[in-house]
Amino acid sequence: SLDDLGTFVSLRPSSHSLDELQALQKVLDLPNPVTRDALHCTVVDSAKTMRGYTAWGEIWPCIRACPISIQRWPWMVDRECVVLTLNSDDIVVRNQRLVDIYNIPPSKYPFAPHITLAYGTEGCVLPAAIQSVLPSITFVKEYSIACCSDVRDFILQNLNTGFRV
């Protein structure tokens, strides 16, 4: 039933920001990089259906975020991913508004704006410092997917195989 589906709300980077993110993936020489079409910033990943929610679609003015750092995060069981953490009050406020309006239960991790660059990166060595400075990331679209956590896990496991979201 629809009550069993969750809602996944994300922001899509601009074409220029996608170029920059792909260049960063290459500089880092990451295994299993997330495909261009799947690079995004999650705003809400709710196991609960957000009834009545409508994604913004095209965003104007655009939302900007400043990169903070590249980090390894846990992913699934005994797996890791590499993320670019972001500083953006606009994204934090959007997350909090949606959580408040739709009474979304708290996640096991505090919300932190980020873009996942690669999944399944166990054993990958990250450089101590990145030589190039990544400019701010521009987000131009908010979109959503209604799906259960099993489907989201399938999508995340298959991003690097060309599976399209």
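Everything below is about the structure printed above this text.
Let us look at the structure shown here. Residue positions are given per chain, counting from 1 as you read along its sequence in written order. Confidence filtering applies because this is a predicted model: local features only for residues at pLDDT of at least 70, side-chain atom pairs given and counted only at 80 or more, and all residues used for totals across whole chains, interfaces and linings. In computing side-chain values, all of the structure's heavy atoms are included and hydrogens and water are not.

## Here we look at the overall build of the protein
Each helix and strand counted, the protein has three helices and six strands in total. Counting from the N terminus, the helices are DSSP H or I runs at least four residues long and the strands are E runs at least two residues long. Scanning the protein from its N terminus toward the C terminus, one meets helices and strands in the order β-α-β-β-β-α-β-β-α. Counting over 165 residues, the protein shows a buried share of 41%. In what follows, residue pairs with any heavy atoms lying within 4.5 Å of each other are defined as contacts. For the protein, the proportion of contacts with a sequence separation of at least 24, taken over those separated by at least 6, is 82%. With an accessible surface of roughly 9,200 Å², the protein has 54% of that area assigned to carbon and sulfur atoms. Burial here depends on accessible area, computed with a 1.4 Å probe over protein chains only, as a share of the maximum for the residue type. Under 20% is buried, over 50% is exposed, and the range in between is partly exposed. For accessible areas, the Shrake-Rupley method is used with a probe of radius 1.4 Å. Any residue's cover is judged against the shown protein chains and nothing else.

## Some thoughts on the pairing of strand S3 (residues 57-75)
With nine bridges joining them, S3 and strand S4 (residues 79-87) adopt antiparallel strand pairing. Bridging from a neighbouring strand, Arg-72 pairs with Val-82 of S4. The antiparallel hairpin formed by S3 and S4 contains three residues in its connecting segment, where Met-76 sits at a positive phi of about 55 degrees. Two strands qualify as a pair provided that DSSP identifies no fewer than 2 bridges between them.

## Things to note about the side chain of Ser-46
One can find Ser-46 in strand S2 (residues 41-46). The term polar contact refers here to a pair of N or O atoms within 3.5 Å; inside protein, the definition further demands a hydrogen-donor-capable atom paired with an acceptor-capable atom, and it admits residues adjacent in sequence only when both atoms are side-chain atoms. There is a polar contact of 2.8 Å between the side chain of Ser-46 and the backbone oxygen of Lys-48.

## Comments concerning the pairing of S2
Successive residues of a regular strand alternate their side chains across the two faces of the sheet. The element S2 is extensively covered by neighbouring structure, given that five of its six residues are classed as buried. As paired elements, strand S1 (residues 6-13) and S2 share five bridges and run antiparallel to each other. Its bridge partner being in S2, Ser-10 is matched across the sheet by Thr-42.

## Examining the side chain of Asn-95
Examined against the element boundaries, Asn-95 turns out to sit in helix H2 (residues 89-101). Other than its neighbours up to four places away in sequence, Asn-95 contacts Val-43, Val-44 and Phe-111.

## Overview of helix H1 (residues 15-28)
In this model, H1 (14 residues) spans 20 Å end to end at C-alpha, consistent with the 20 Å of a helix rising 1.5 Å per residue. All of the buried residues along H1 are Ser-17, Leu-18, Leu-21, Leu-24, Gln-25 and Leu-28. End-on, the buried residues of H1 take up no more than an arc of 120 degrees, which puts them together on one face. Along H1, exposed side chains directed more than 90 degrees from the buried face belong to Lys-26 and Val-27. Asp-29, located one to two residues past H1, shows a positive phi value of around 55 degrees. A helix's residues, less one, multiplied by 1.5 Å, set its expected span. Here the arc refers to the set of directions running from the helix axis out to each C-beta atom.

## Quick look at the pattern of salt bridges
The working definition used for a salt bridge is a side-chain nitrogen of Lys or Arg within 4 Å of a carboxyl oxygen of Asp or Glu. On inspection of all chains with the given rule, the structure shows four salt bridges. Across the pair Arg-72 and Glu-80 runs a salt bridge, and its minimum N-O distance is 2.6 Å. Salt-bridge contacts for Arg-79 lead to Glu-122; the nearest nitrogen and oxygen are separated by 3.1 Å. On the criterion of sequence distance, the pair formed by Arg-79 in strand S4 and Glu-122 in the loop between strand S5 (114-119) and strand S6 (137-147) is long-range, its members being 43 residues apart.

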